[in-house]
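# Observations on the three-dimensional arrangement
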Amino acid sequence: MNITTEQLTKVYSGGRRALDAVDLHIENGTVGLLGANGAGKTTLLRILTGVLRPTSGRVTVGGHDLSTSAGLTAVKRMLGYLPQELSLYPDLTAREFLDYIGVLKGIHDKRDRRRQAEERIAEVGLEERADERLSGFSGGMKRRVGIAQALMGDPSLLVIDEPTTGLDPHERMRFRTLLAGLGRGRTVLLSTHILDDVAQTCPAVAVLSGGRLVFHDATTALVNQAAGCTYVYEAEGPAGGPPPGAEVVSAVTTAQGAQYRVITTDPPPGARPVEPSLEDGYAALLGAHGAARSITPIQQ
Ligand SMILES: Nc1ncnc2c1ncn2[C@@H]1O[C@H](COP(=O)(O)OP(=O)(O)OP(=O)(O)O)[C@@H](O)[C@H]1O
């Protein structure tokens, strides 16, 4: 399922330009969508799912033009969407909720709806809790119900907004395993702040900064943004700071002073070169686009 945006721009009523002339082309597979708070990720996803209208520009999904009502209807039929805040009906059981979503998605045959709900429940590992009310579900279980409802109707496009935020490490690992399998045979767009989620589930990545698309390539290519310029630097004494002009990826207070992981083309004496990670590549990219962050050392 192809997604193409041409010069996509969204200016909110207060004048905030959330998306600025975004040209994006996505094919099958899972694509991670990264960007700082307010970069425009949710705005992009809401436009792609037809929830929000752009101010200007063009969007086609699977060849359907989203500015026409026929195009919008066609795209909604092939879409599964897990928004940041999904409203669940607390009095329904997971099984009842999925049946209800099936009705909304136009799965009119009751047996087909039931079969699909069963399959989705198994897929997200909720068999034992399927007949319990959603009001008693933990955050992680609610996210799993969220994915299950998005998968009803077997959508060819899946749009997922920050699925693992607030989950404990075990639930996050579970969720990642689930996400990793979803890109087979469909297009998945996954917005997240958690780089490990992208590293483990997305072969490709797009990065927004200040409403502009600043990167779209293989995830390994984002890692390579920091190739040859990632260093670990030990600064001694209480006055020891990171090398001047370096982009600081992380900092840890040590017995001697502080240890900094930095991106720099001008390493100071004693700085040790290291293999870059996705976090390093992302920091290098954002640093190059003037979105450098300030980091204080973490106490060890
Ligand atoms: N309904 C709205 N009205 C006015 N401005 C908005 C509205 N929704 C979002 N914005 C602004 O548009 C910009 C992009 O917001 P958006 O929610 O798309 O960013 P994001 O990348 O998803 O951020 P986050 O990672 O914090 O969820 C921000 O400056 C935000 O304040």
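Residues numbered from 1 in each chain as written. Predicted model: local features only at pLDDT ≥ 70, side-chain atom pairs only at ≥ 80, totals over all residues.

With an unreviewed UniProt entry as reference, the protein is termed ATP-binding cassette domain-containing protein, source organism Streptomyces bathyalis. Note on the protein: under the UniProt heading Sequence similarities (unreviewed entry), the record states "Belongs to the ABC transporter superfamily." (UniProt positions renumbered as here; feature names shortened; annotations may be inferred.)

### Some thoughts on the pairing of strand β3 (residues 29-34)
Of all six residues that make up β3, five are buried, and the element is covered over most of its length. In this sheet, strand β8 (residues 187-191) lies alongside β3 in parallel orientation, the contact comprising five bridges. Looking at β8, one finds that G32 is bridged to L190. Relative to strand β9 (residues 204-209), β3 runs parallel, the two being bridged by four bridges. Directly across from V31, in β9, lies its bridge partner A204. (Buried ≥ 20, exposed ≤ 12 C-beta atoms within 10 Å, placed from the backbone. Helix = DSSP H or I, 4+ residues; strand = E, 2+ residues; numbered from the N terminus. Pairing = 2+ DSSP bridges.)

### Here's the deal with the sheet that holds strand β2 (residues 17-26)
Here four strands make up an open sheet; going across it, the order is β2-β1-β4-β5 and the pairing antiparallel. Among the strands making up the open sheet, the edge pair consists of β2 and β5 (64-65). As paired strands, strand β1 (residues 3-11) and β2 are joined by six bridges and run antiparallel to one another. Paired with T5 across the strands is L24, a residue of β2.

### Description of the sheet that holds β3
Ordered in space as β6-β7-β8-β3-β9-β10, the six strands form an open sheet in which the pairing is mixed. The two strands at the open ends of the sheet, each matched to only one other strand, are β6 (79-82) and β10 (212-218). The mean angle between the axes of side-by-side strands here comes to 15 degrees, regardless of whether they run parallel or antiparallel. Relative to the sheet, helix α1 (residues 41-48) contacts β3, β7 (157-161), β8 and β9, its axis offset from that of β8 by approximately 150 degrees. (Axes fitted to C-alpha atoms, helices over the stretch in contact; angles between N-to-C directions. Contact = placed C-beta atoms within 7 Å.)

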